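# Overview (structure and organization)
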Amino acid sequence: MYLSRFLSLHTLWVTVSSVMQHYPSVWGHYDVCKTQIYTEEGKVWDYMACQPEARDMIKYVKVTLDPPDITCGDPPETFCAMGNPYMCNNECDASTQELAHPPELMFDLEGRHPSTFWQSTTWKDYPKPLHVNITLSWNKTIELTDNIVITFESGRPDQMILEKSLDYGRTWQPYQYYATDCLDAFHMDPKSVRDLSQHTVLEIICTEEYSTGYMTNSKIIHFEIKDRFAFFAGPRLHNMASLYGQLDTTKKLRDFFTVTDLRIRLLRPATGEIYVDEQHLARYFYAISDIRVYGRCKCNLHATGCKEENKRLLCECEHNTTGPDCGKCKKNYQGRPWSPGSYLPIPKGTANICIPSISSIGNPPKFDRIWPNISSLEVSKPNQANVCDNELLHCQNGGTCINNVRCQCPPAYTGILCEKLRCEREPGGCGRSSARGRAAPGPGLLLLLLLLLLLLPLLPLLPAARAC
(Lines give C-alpha, C1' and ligand atoms only; values in the text may rest on other atoms or scores of the structure.)
Protein backbone atom coordinates (compact mmCIF):
# COMPACT_ATOMS: atom_id res chain seq x y z
CA MET A 1 0.00 0.00 0.00
CA TYR A 2 2.81 2.35 0.93
CA LEU A 3 4.57 1.56 -2.32
CA SER A 4 1.38 2.25 -4.23
CA ARG A 5 0.94 5.63 -2.54
CA PHE A 6 4.57 6.46 -3.12
CA LEU A 7 4.32 5.58 -6.82
CA SER A 8 1.17 7.69 -7.12
CA LEU A 9 3.03 10.68 -5.71
CA HIS A 10 5.96 9.95 -7.95
CA THR A 11 3.59 10.00 -10.91
CA LEU A 12 2.25 13.35 -9.70
CA TRP A 13 5.79 14.71 -9.42
CA VAL A 14 6.63 13.56 -12.96
CA THR A 15 3.44 15.18 -14.26
CA VAL A 16 4.13 18.49 -12.50
CA SER A 17 7.76 18.43 -13.60
CA SER A 18 6.80 17.79 -17.21
CA VAL A 19 4.40 20.72 -17.12
CA MET A 20 6.89 23.04 -15.45
CA GLN A 21 9.77 22.19 -17.77
CA HIS A 22 7.84 23.54 -20.74
CA TYR A 23 7.60 27.04 -19.30
CA PRO A 24 11.15 28.09 -20.30
CA SER A 25 10.58 26.89 -23.89
CA VAL A 26 7.34 28.77 -24.46
CA TRP A 27 9.20 31.93 -25.46
CA GLY A 28 10.62 30.12 -28.47
CA HIS A 29 7.21 30.23 -30.13
CA TYR A 30 5.96 33.42 -28.49
CA ASP A 31 2.56 31.72 -28.49
CA VAL A 32 1.23 33.37 -25.31
CA CYS A 33 0.25 37.02 -25.61
CA LYS A 34 -0.81 37.68 -22.05
CA THR A 35 -0.94 36.09 -18.63
CA GLN A 36 -2.35 37.13 -15.30
CA ILE A 37 0.18 38.03 -12.64
CA TYR A 38 -0.08 39.21 -9.05
CA THR A 39 1.40 42.57 -8.16
CA GLU A 40 1.14 45.05 -5.33
CA GLU A 41 -1.94 46.39 -7.05
CA GLY A 42 -3.57 42.98 -7.30
CA LYS A 43 -4.16 40.66 -10.25
CA VAL A 44 -3.32 42.32 -13.58
CA TRP A 45 -2.60 41.29 -17.18
CA ASP A 46 1.02 41.04 -18.22
CA TYR A 47 1.37 41.42 -21.99
CA MET A 48 4.18 39.93 -24.04
CA ALA A 49 5.24 39.37 -27.64
CA CYS A 50 3.56 36.52 -29.49
CA GLN A 51 3.39 34.87 -32.87
CA PRO A 52 1.47 32.00 -34.50
CA GLU A 53 2.82 28.47 -34.61
CA ALA A 54 4.59 27.42 -37.80
CA ARG A 55 2.53 25.28 -40.16
CA ASP A 56 2.46 23.76 -43.64
CA MET A 57 1.77 26.84 -45.76
CA ILE A 58 1.14 24.83 -48.93
CA LYS A 59 -2.38 24.17 -47.61
CA TYR A 60 -3.22 27.83 -48.30
CA VAL A 61 -1.31 28.44 -51.52
CA LYS A 62 -2.62 29.51 -54.91
CA VAL A 63 -0.55 28.31 -57.87
CA THR A 64 -0.34 29.84 -61.34
CA LEU A 65 1.72 28.76 -64.35
CA ASP A 66 3.22 30.87 -67.11
CA PRO A 67 2.68 30.10 -69.92
CA PRO A 68 -0.75 28.87 -68.81
CA ASP A 69 -0.88 26.11 -71.45
CA ILE A 70 2.48 24.60 -70.48
CA THR A 71 0.95 21.57 -68.72
CA CYS A 72 1.08 18.41 -70.81
CA GLY A 73 -1.96 16.53 -72.07
CA ASP A 74 -3.76 18.99 -74.35
CA PRO A 75 -3.27 17.65 -76.94
CA PRO A 76 -2.19 14.21 -75.59
CA GLU A 77 1.45 13.37 -76.08
CA THR A 78 3.89 10.58 -75.37
CA PHE A 79 7.07 11.10 -73.39
CA CYS A 80 10.15 8.98 -72.86
CA ALA A 81 12.20 7.94 -69.86
CA MET A 82 15.25 10.13 -69.54
CA GLY A 83 17.54 7.22 -68.78
CA ASN A 84 16.34 5.29 -71.84
CA PRO A 85 15.24 7.43 -74.83
CA TYR A 86 13.78 4.35 -76.55
CA MET A 87 11.35 3.63 -73.72
CA CYS A 88 8.51 5.93 -74.76
CA ASN A 89 5.40 4.20 -73.47
CA ASN A 90 4.33 6.97 -71.05
CA GLU A 91 1.35 9.08 -72.04
CA CYS A 92 -0.04 12.41 -70.80
CA ASP A 93 -3.70 13.06 -71.56
CA ALA A 94 -5.57 15.89 -69.79
CA SER A 95 -8.95 14.36 -70.67
CA THR A 96 -8.24 11.11 -68.78
CA GLN A 97 -7.89 11.33 -65.01
CA GLU A 98 -5.40 8.48 -64.77
CA LEU A 99 -3.15 10.06 -67.41
CA ALA A 100 -3.52 13.75 -66.47
CA HIS A 101 -0.84 15.73 -64.62
CA PRO A 102 -2.45 19.06 -63.54
CA PRO A 103 -0.66 21.62 -61.29
CA GLU A 104 -2.56 20.63 -58.11
CA LEU A 105 -0.68 17.31 -58.12
CA MET A 106 2.39 19.26 -56.98
CA PHE A 107 0.70 19.59 -53.58
CA ASP A 108 -1.24 16.36 -52.99
CA LEU A 109 -0.32 13.73 -50.41
CA GLU A 110 2.93 11.93 -51.07
CA GLY A 111 3.46 8.21 -50.70
CA ARG A 112 0.82 7.25 -53.25
CA HIS A 113 1.50 4.55 -55.82
CA PRO A 114 1.75 5.19 -58.64
CA SER A 115 3.14 8.59 -57.73
CA THR A 116 1.24 11.72 -58.73
CA PHE A 117 2.90 14.77 -60.21
CA TRP A 118 2.53 17.85 -62.41
CA GLN A 119 4.25 17.64 -65.78
CA SER A 120 5.04 20.13 -68.51
CA THR A 121 4.94 19.54 -72.23
CA THR A 122 8.04 17.98 -73.74
CA TRP A 123 10.82 20.01 -75.34
CA LYS A 124 9.32 19.46 -78.78
CA ASP A 125 10.08 23.06 -79.88
CA TYR A 126 13.85 22.79 -79.34
CA PRO A 127 16.02 24.88 -79.79
CA LYS A 128 13.44 27.36 -78.52
CA PRO A 129 13.95 27.43 -74.70
CA LEU A 130 11.51 25.48 -72.56
CA HIS A 131 10.72 28.10 -69.89
CA VAL A 132 8.13 27.72 -67.12
CA ASN A 133 7.27 30.06 -64.24
CA ILE A 134 5.48 28.48 -61.28
CA THR A 135 4.16 31.16 -58.90
CA LEU A 136 3.03 30.34 -55.37
CA SER A 137 0.90 33.07 -53.79
CA TRP A 138 -0.56 33.38 -50.30
CA ASN A 139 -2.13 36.85 -50.42
CA LYS A 140 -0.53 37.20 -46.99
CA THR A 141 2.90 37.97 -45.62
CA ILE A 142 4.50 34.82 -44.21
CA GLU A 143 7.77 34.13 -42.39
CA LEU A 144 9.66 31.01 -43.45
CA THR A 145 10.70 28.67 -40.66
CA ASP A 146 12.05 25.62 -42.48
CA ASN A 147 13.71 24.65 -45.75
CA ILE A 148 11.79 25.03 -49.00
CA VAL A 149 11.83 21.57 -50.58
CA ILE A 150 10.94 20.80 -54.21
CA THR A 151 10.77 17.15 -55.33
CA PHE A 152 11.06 16.49 -59.06
CA GLU A 153 9.57 13.41 -60.67
CA SER A 154 11.78 14.02 -63.69
CA GLY A 155 15.44 14.88 -63.49
CA ARG A 156 16.30 18.06 -61.61
CA PRO A 157 16.55 20.96 -64.05
CA ASP A 158 19.89 22.00 -65.49
CA GLN A 159 19.02 25.64 -64.78
CA MET A 160 16.54 27.11 -62.32
CA ILE A 161 16.00 30.25 -60.24
CA LEU A 162 14.02 30.50 -57.01
CA GLU A 163 12.63 34.01 -56.51
CA LYS A 164 10.64 35.80 -53.81
CA SER A 165 8.32 38.77 -53.61
CA LEU A 166 7.50 40.96 -50.65
CA ASP A 167 4.82 42.99 -52.40
CA TYR A 168 2.36 40.37 -53.68
CA GLY A 169 4.16 39.74 -56.97
CA ARG A 170 4.66 43.33 -58.12
CA THR A 171 8.45 43.04 -57.86
CA TRP A 172 10.73 40.02 -57.57
CA GLN A 173 14.21 39.34 -56.29
CA PRO A 174 16.30 36.16 -56.54
CA TYR A 175 16.56 33.82 -53.58
CA GLN A 176 18.96 31.30 -55.12
CA TYR A 177 20.30 30.13 -58.50
CA TYR A 178 20.63 26.45 -59.42
CA ALA A 179 22.66 25.10 -62.34
CA THR A 180 24.84 22.25 -63.50
CA ASP A 181 27.36 24.94 -64.47
CA CYS A 182 26.88 28.22 -62.57
CA LEU A 183 29.58 30.09 -64.44
CA ASP A 184 28.16 29.21 -67.84
CA ALA A 185 24.48 29.69 -66.92
CA PHE A 186 24.55 32.75 -64.65
CA HIS A 187 28.15 34.03 -64.74
CA MET A 188 28.50 33.22 -61.03
CA ASP A 189 31.02 31.12 -59.16
CA PRO A 190 29.36 28.08 -57.57
CA LYS A 191 28.86 28.17 -53.81
CA SER A 192 26.99 26.31 -51.14
CA VAL A 193 25.39 27.63 -47.95
CA ARG A 194 28.32 26.11 -46.05
CA ASP A 195 30.54 28.72 -47.71
CA LEU A 196 28.56 31.54 -46.08
CA SER A 197 28.89 33.11 -42.63
CA GLN A 198 26.96 35.41 -40.31
CA HIS A 199 28.25 38.39 -42.29
CA THR A 200 27.38 36.94 -45.72
CA VAL A 201 24.19 35.07 -44.83
CA LEU A 202 22.13 37.37 -47.08
CA GLU A 203 24.32 36.73 -50.13
CA ILE A 204 22.47 35.37 -53.16
CA ILE A 205 24.41 32.35 -54.40
CA CYS A 206 24.40 29.91 -57.29
CA THR A 207 24.72 26.27 -56.29
CA GLU A 208 25.52 23.18 -58.35
CA GLU A 209 24.57 20.75 -55.58
CA TYR A 210 21.02 20.17 -56.77
CA SER A 211 21.29 20.18 -60.55
CA THR A 212 22.49 16.75 -61.53
CA GLY A 213 20.65 14.74 -64.17
CA TYR A 214 18.13 12.00 -63.47
CA MET A 215 19.08 9.76 -60.55
CA THR A 216 16.72 7.60 -58.52
CA ASN A 217 17.69 9.14 -55.17
CA SER A 218 18.47 12.63 -56.42
CA LYS A 219 15.18 14.33 -57.16
CA ILE A 220 15.12 16.95 -54.40
CA ILE A 221 16.08 20.63 -54.44
CA HIS A 222 16.45 22.62 -51.19
CA PHE A 223 16.50 26.26 -50.30
CA GLU A 224 18.26 26.06 -46.95
CA ILE A 225 16.51 28.13 -44.29
CA LYS A 226 17.70 26.19 -41.25
CA ASP A 227 21.33 26.26 -42.34
CA ARG A 228 21.11 30.05 -42.37
CA PHE A 229 19.42 30.05 -38.95
CA ALA A 230 22.33 27.94 -37.69
CA PHE A 231 24.82 30.77 -38.23
CA PHE A 232 23.15 32.49 -35.27
CA ALA A 233 21.48 29.68 -33.31
CA GLY A 234 24.20 27.01 -33.57
CA PRO A 235 24.30 23.77 -35.59
CA ARG A 236 21.34 22.22 -33.75
CA LEU A 237 19.46 25.51 -33.34
CA HIS A 238 19.75 25.32 -29.54
CA ASN A 239 20.56 29.01 -29.15
CA MET A 240 17.37 30.45 -30.61
CA ALA A 241 17.71 33.45 -28.32
CA SER A 242 20.66 34.62 -30.41
CA LEU A 243 18.70 34.19 -33.63
CA TYR A 244 15.67 36.06 -32.32
CA GLY A 245 17.91 38.84 -31.08
CA GLN A 246 19.39 39.21 -34.57
CA LEU A 247 15.96 39.13 -36.22
CA ASP A 248 14.75 41.82 -33.82
CA THR A 249 17.58 44.22 -34.52
CA THR A 250 18.32 43.56 -38.21
CA LYS A 251 15.46 44.39 -40.58
CA LYS A 252 17.29 43.07 -43.66
CA LEU A 253 17.70 39.69 -41.97
CA ARG A 254 14.05 39.64 -40.94
CA ASP A 255 12.94 40.55 -44.46
CA PHE A 256 15.16 37.85 -45.96
CA PHE A 257 12.99 35.14 -44.43
CA THR A 258 9.73 36.96 -45.21
CA VAL A 259 7.69 36.49 -48.42
CA THR A 260 4.25 37.02 -49.88
CA ASP A 261 4.96 34.96 -53.02
CA LEU A 262 7.53 32.49 -54.31
CA ARG A 263 8.36 31.87 -57.96
CA ILE A 264 10.12 28.84 -59.41
CA ARG A 265 11.64 29.71 -62.76
CA LEU A 266 12.49 26.56 -64.74
CA LEU A 267 14.92 27.58 -67.49
CA ARG A 268 16.37 24.34 -68.86
CA PRO A 269 15.19 20.76 -68.25
CA ALA A 270 17.50 17.98 -67.17
CA THR A 271 19.51 16.66 -70.08
CA GLY A 272 21.98 14.40 -68.26
CA GLU A 273 24.63 15.38 -70.76
CA ILE A 274 26.27 18.36 -72.41
CA TYR A 275 24.36 18.16 -75.67
CA VAL A 276 20.65 17.85 -76.32
CA ASP A 277 19.65 14.73 -78.25
CA GLU A 278 17.50 16.32 -80.96
CA GLN A 279 16.33 12.91 -82.15
CA HIS A 280 14.63 12.16 -78.82
CA LEU A 281 13.17 15.44 -77.55
CA ALA A 282 10.30 13.63 -75.83
CA ARG A 283 12.70 12.72 -73.02
CA TYR A 284 13.10 16.37 -71.92
CA PHE A 285 10.42 17.96 -69.74
CA TYR A 286 9.74 19.13 -66.17
CA ALA A 287 7.76 17.14 -63.61
CA ILE A 288 7.25 18.05 -59.94
CA SER A 289 5.66 15.66 -57.44
CA ASP A 290 5.88 17.71 -54.23
CA ILE A 291 6.59 21.21 -52.90
CA ARG A 292 6.96 21.94 -49.19
CA VAL A 293 6.92 25.39 -47.63
CA TYR A 294 6.75 25.72 -43.84
CA GLY A 295 6.26 29.05 -42.14
CA ARG A 296 3.98 31.20 -40.06
CA CYS A 297 1.73 34.15 -40.72
CA LYS A 298 3.59 37.38 -40.15
CA CYS A 299 1.64 39.21 -37.45
CA ASN A 300 4.37 41.58 -36.19
CA LEU A 301 4.44 39.71 -32.86
CA HIS A 302 0.88 40.81 -32.13
CA ALA A 303 -1.06 37.53 -32.59
CA THR A 304 -0.96 33.89 -31.53
CA GLY A 305 -3.35 32.67 -34.23
CA CYS A 306 -3.91 32.98 -37.96
CA LYS A 307 -7.22 31.97 -39.49
CA GLU A 308 -8.45 31.42 -43.02
CA GLU A 309 -11.36 33.67 -43.94
CA ASN A 310 -12.81 33.96 -47.45
CA LYS A 311 -9.82 32.00 -48.78
CA ARG A 312 -7.42 34.47 -47.18
CA LEU A 313 -5.17 34.15 -44.15
CA LEU A 314 -5.70 36.78 -41.45
CA CYS A 315 -3.89 37.30 -38.15
CA GLU A 316 -6.08 37.10 -35.03
CA CYS A 317 -4.65 40.31 -33.64
CA GLU A 318 -4.04 41.06 -29.96
CA HIS A 319 -2.61 44.13 -28.23
CA ASN A 320 -5.35 46.42 -29.64
CA THR A 321 -3.91 46.05 -33.15
CA THR A 322 -5.74 45.31 -36.39
CA GLY A 323 -5.13 44.62 -40.09
CA PRO A 324 -4.14 41.43 -41.98
CA ASP A 325 -0.64 41.60 -40.41
CA CYS A 326 -1.69 43.43 -37.20
CA GLY A 327 0.10 46.36 -38.80
CA LYS A 328 -1.82 49.25 -37.24
CA CYS A 329 -3.60 50.26 -34.06
CA LYS A 330 -7.35 49.98 -33.71
CA LYS A 331 -9.49 53.07 -33.87
CA ASN A 332 -9.31 55.03 -30.61
CA TYR A 333 -6.09 53.14 -29.68
CA GLN A 334 -3.61 55.47 -31.32
CA GLY A 335 -2.23 57.14 -28.21
CA ARG A 336 1.25 56.55 -29.56
CA PRO A 337 2.60 55.40 -32.96
CA TRP A 338 2.08 51.73 -33.83
CA SER A 339 5.12 49.55 -33.34
CA PRO A 340 5.70 45.84 -33.96
CA GLY A 341 6.26 43.62 -30.97
CA SER A 342 9.82 42.83 -30.01
CA TYR A 343 11.59 39.55 -29.27
CA LEU A 344 13.62 41.48 -26.72
CA PRO A 345 14.01 41.15 -23.86
CA ILE A 346 14.06 37.39 -24.15
CA PRO A 347 12.32 35.20 -23.04
CA LYS A 348 8.97 37.04 -23.05
CA GLY A 349 9.63 39.87 -25.43
CA THR A 350 7.89 43.23 -25.44
CA ALA A 351 4.29 43.52 -26.59
CA ASN A 352 4.33 47.21 -27.57
CA ILE A 353 0.57 47.30 -27.15
CA CYS A 354 -1.49 50.06 -28.73
CA ILE A 355 -2.86 52.38 -26.08
CA PRO A 356 -6.06 54.45 -26.18
CA SER A 357 -5.93 57.86 -27.78
CA ILE A 358 -5.46 60.70 -25.31
CA SER A 359 -8.68 62.35 -26.53
CA SER A 360 -10.66 59.27 -25.50
CA ILE A 361 -9.09 58.97 -22.06
CA GLY A 362 -8.96 62.47 -20.63
CA ASN A 363 -5.73 61.71 -18.74
CA PRO A 364 -2.26 61.09 -20.18
CA PRO A 365 -1.92 57.34 -20.78
CA LYS A 366 0.62 55.18 -19.03
CA PHE A 367 2.58 53.10 -21.48
CA ASP A 368 3.06 50.09 -19.23
CA ARG A 369 -0.55 49.01 -18.89
CA ILE A 370 -3.84 48.84 -20.76
CA TRP A 371 -6.10 51.76 -19.89
CA PRO A 372 -9.84 51.47 -20.41
CA ASN A 373 -11.31 53.70 -23.08
CA ILE A 374 -13.27 56.11 -20.87
CA SER A 375 -13.72 59.81 -20.35
CA SER A 376 -12.29 61.81 -17.46
CA LEU A 377 -15.66 61.47 -15.76
CA GLU A 378 -15.27 57.67 -15.62
CA VAL A 379 -18.34 57.19 -17.82
CA SER A 380 -18.07 55.07 -20.92
CA LYS A 381 -18.60 56.81 -24.22
CA PRO A 382 -20.87 55.35 -26.92
CA ASN A 383 -19.28 52.92 -29.41
CA GLN A 384 -16.09 52.64 -27.37
CA ALA A 385 -14.45 49.82 -25.45
CA ASN A 386 -16.01 48.57 -22.23
CA VAL A 387 -14.62 49.81 -18.94
CA CYS A 388 -14.49 46.21 -17.70
CA ASP A 389 -15.25 42.77 -19.15
CA ASN A 390 -14.49 39.10 -18.59
CA GLU A 391 -11.52 38.89 -20.91
CA LEU A 392 -9.18 41.87 -20.97
CA LEU A 393 -10.21 44.45 -18.38
CA HIS A 394 -10.95 42.55 -15.20
CA CYS A 395 -11.94 44.44 -12.08
CA GLN A 396 -9.01 43.95 -9.72
CA ASN A 397 -8.71 43.12 -6.02
CA GLY A 398 -12.10 41.41 -5.83
CA GLY A 399 -14.07 44.12 -7.66
CA THR A 400 -17.24 43.26 -9.57
CA CYS A 401 -17.91 44.38 -13.15
CA ILE A 402 -21.34 46.03 -13.40
CA ASN A 403 -22.79 45.88 -16.93
CA ASN A 404 -19.32 46.39 -18.42
CA VAL A 405 -19.65 50.05 -17.42
CA ARG A 406 -18.01 50.28 -14.01
CA CYS A 407 -16.26 48.26 -11.34
CA GLN A 408 -17.90 47.94 -7.93
CA CYS A 409 -14.90 47.91 -5.61
CA PRO A 410 -14.37 46.39 -2.14
CA PRO A 411 -14.27 48.99 0.70
CA ALA A 412 -10.46 49.13 0.78
CA TYR A 413 -10.02 49.83 -2.94
CA THR A 414 -10.92 52.50 -5.48
CA GLY A 415 -10.04 53.50 -9.03
CA ILE A 416 -11.41 52.63 -12.45
CA LEU A 417 -10.49 48.94 -12.10
CA CYS A 418 -10.26 48.90 -8.28
CA GLU A 419 -6.53 49.08 -8.79
CA LYS A 420 -5.79 51.65 -6.04
CA LEU A 421 -5.90 51.44 -2.27
CA ARG A 422 -8.42 53.89 -0.85
CA CYS A 423 -6.08 54.70 2.05
CA GLU A 424 -3.64 56.29 -0.40
CA ARG A 425 -6.04 59.22 -0.69
CA GLU A 426 -6.36 59.61 3.07
CA PRO A 427 -4.06 61.72 5.28
CA GLY A 428 -1.07 59.70 6.40
CA GLY A 429 -1.34 57.29 3.50
CA CYS A 430 -1.43 53.53 3.98
CA GLY A 431 -0.09 51.90 7.10
CA ARG A 432 1.19 48.41 7.68
CA SER A 433 -2.35 47.10 7.93
CA SER A 434 -3.14 47.94 4.33
CA ALA A 435 -3.37 45.31 1.66
CA ARG A 436 -0.32 46.72 -0.13
CA GLY A 437 2.40 44.17 -0.73
CA ARG A 438 0.22 41.13 -0.27
CA ALA A 439 1.14 39.58 -3.54
CA ALA A 440 -0.40 36.20 -4.13
CA PRO A 441 1.93 33.39 -5.18
CA GLY A 442 2.24 32.59 -8.87
CA PRO A 443 0.91 29.36 -10.38
CA GLY A 444 4.30 27.66 -10.41
CA LEU A 445 4.82 28.30 -6.70
CA LEU A 446 1.32 27.05 -5.90
CA LEU A 447 2.05 23.76 -7.69
CA LEU A 448 5.26 23.27 -5.75
CA LEU A 449 3.58 24.08 -2.42
CA LEU A 450 0.82 21.57 -3.20
CA LEU A 451 3.38 18.90 -4.00
CA LEU A 452 5.29 19.63 -0.79
CA LEU A 453 2.11 19.27 1.30
CA LEU A 454 1.42 15.90 -0.32
CA LEU A 455 4.97 14.64 0.20
CA LEU A 456 5.42 15.66 3.86
CA PRO A 457 3.18 12.89 5.36
CA LEU A 458 5.12 10.25 3.42
CA LEU A 459 8.64 11.21 4.46
CA PRO A 460 8.68 8.74 7.40
CA LEU A 461 7.41 6.01 5.07
CA LEU A 462 10.10 6.29 2.44
CA PRO A 463 12.40 3.61 4.01
CA ALA A 464 9.42 1.27 4.11
CA ALA A 465 8.73 1.94 0.46
CA ARG A 466 12.31 1.08 -0.41
CA ALA A 467 12.00 -2.16 1.59
CA CYS A 468 8.99 -3.14 -0.48
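Each value, and the rule that gives it
- Residues numbered from 1 in each chain as written.
- Predicted model: local features only at pLDDT ≥ 70, side-chain atom pairs only at ≥ 80, totals over all residues.
- Heavy atoms only, no water.
- Buried < 20%, exposed > 50% of the residue type's maximum accessible area, 1.4 Å probe, protein only.
- Helix = DSSP H or I, 4+ residues; strand = E, 2+ residues; numbered from the N terminus.
- Contact = heavy atoms within 4.5 Å.
- Disulfide = S-S within 2.5 Å.
- Phe/Tyr/Trp six-rings, centres within 6.5 Å; stacked < 30°, edge-to-face > 60°.
- pLDDT = per-residue confidence, 0-100.
- Core = buried A, V, L, I, M, F, W, Y, C linked by side-chain atoms within 4.5 Å.
- Salt bridge = Lys/Arg side-chain N within 4 Å of Asp/Glu carboxyl O.

## Brief notes about helix 3 (residues 226-233)
When helix 3 is considered as a whole, its buried residues turn out to be Arg228, Phe229, Ala230, Phe232 and Ala233. The secondary structure elements touched by the buried residues of helix 3 are strand 8 (132-144), strand 11 (173-179), strand 13 (220-223), helix 4 (240-249) and helix 5 (251-256). Glycine 234 occupies a position one or two residues after helix 3 and carries a positive phi of about 90°.

## Considering the state of the cysteines
One pass over the full model with this rule turns up eight disulfides. Each sulfur in the disulfide pair cysteine 182 and cysteine 206 lies 2.0 Å from the other. Disulfide cysteine 182 to cysteine 206: torsion about the S-S bond roughly -85°, handedness left-handed. Within this pair, whereas cysteine 182 is found in helix 2 (residues 182-186), its partner cysteine 206 is found in strand 12 (residues 206-207), the two being separated by 24 residues in sequence. Note on accessibility: cysteine 182 and cysteine 206 belong to one class, buried. The partner cysteine of cysteine 317 in its disulfide is cysteine 326, sulfur to sulfur 2.1 Å. Judged by the sign of its S-S torsion, about -100°, the cystine formed by cysteine 317 and cysteine 326 is left-handed. Residue class for cysteine 326 comes out buried when judged on its relative accessible area of 0%.

## Brief notes about the packing of aromatic side chains
Enumeration according to the criterion identifies 11 aromatic pairs in this entry. Between tyrosine 177 and phenylalanine 186 the ring centres are 4.8 Å apart and the planes differ by 50°, which places this aromatic pair in the tilted class. Pair check on accessibility: tyrosine 177 and phenylalanine 186 agree, each one buried. An angle of 90° between the planes, with centres 5.2 Å apart, marks the rings of phenylalanine 256 and phenylalanine 257 as edge-to-face.

## Digging into the confidence of the model for the protein chain
Looking at the protein chain, pLDDT values average 80 and 72% of them are 70 or higher. Contacts for the low-pLDDT stretch residues 432-443, under 50 throughout, to residues beyond four places or in other chains number 14 contacts.

## What about the nonpolar core?
Trp118, Ile134, Ile150, Leu266, Ile291 and Val293 are the most contacted members of the largest nonpolar core, which totals 57 residues. At six residues, the largest contribution of residues to this core is made by strand 8. With eight residues, the next largest nonpolar core counts Ile161, Ala179, Phe186 and Met188 among its residues.

## Considerations on the pattern of salt bridges
Going through the model one piece at a time under the given rule, you end up with 15 salt bridges. Among the salt bridges present, the one from aspartate 46 reaches lysine 348, with a minimum N-O distance of 3.8 Å. Of this pair, aspartate 46 sits in strand 2 (residues 42-47) while lysine 348 is found in the loop between strand 20 (328-329) and helix 6 (358-361), placing the two residues 302 residues apart along the sequence. On the basis of relative accessibility, which here comes to 24%, the residue aspartate 46 falls in the partly exposed class. The closest approach of N and O atoms between lysine 191 and glutamate 203, which form a salt bridge, is 2.8 Å. With lysine 191 in the loop between helix 2 and strand 12 and glutamate 203 in the loop between helix 2 and strand 12, this residue pair connects regions lying 12 residues apart in the sequence. One connected set of salt bridges, linked through shared partners, spans Glu163, Arg263 and Arg265.

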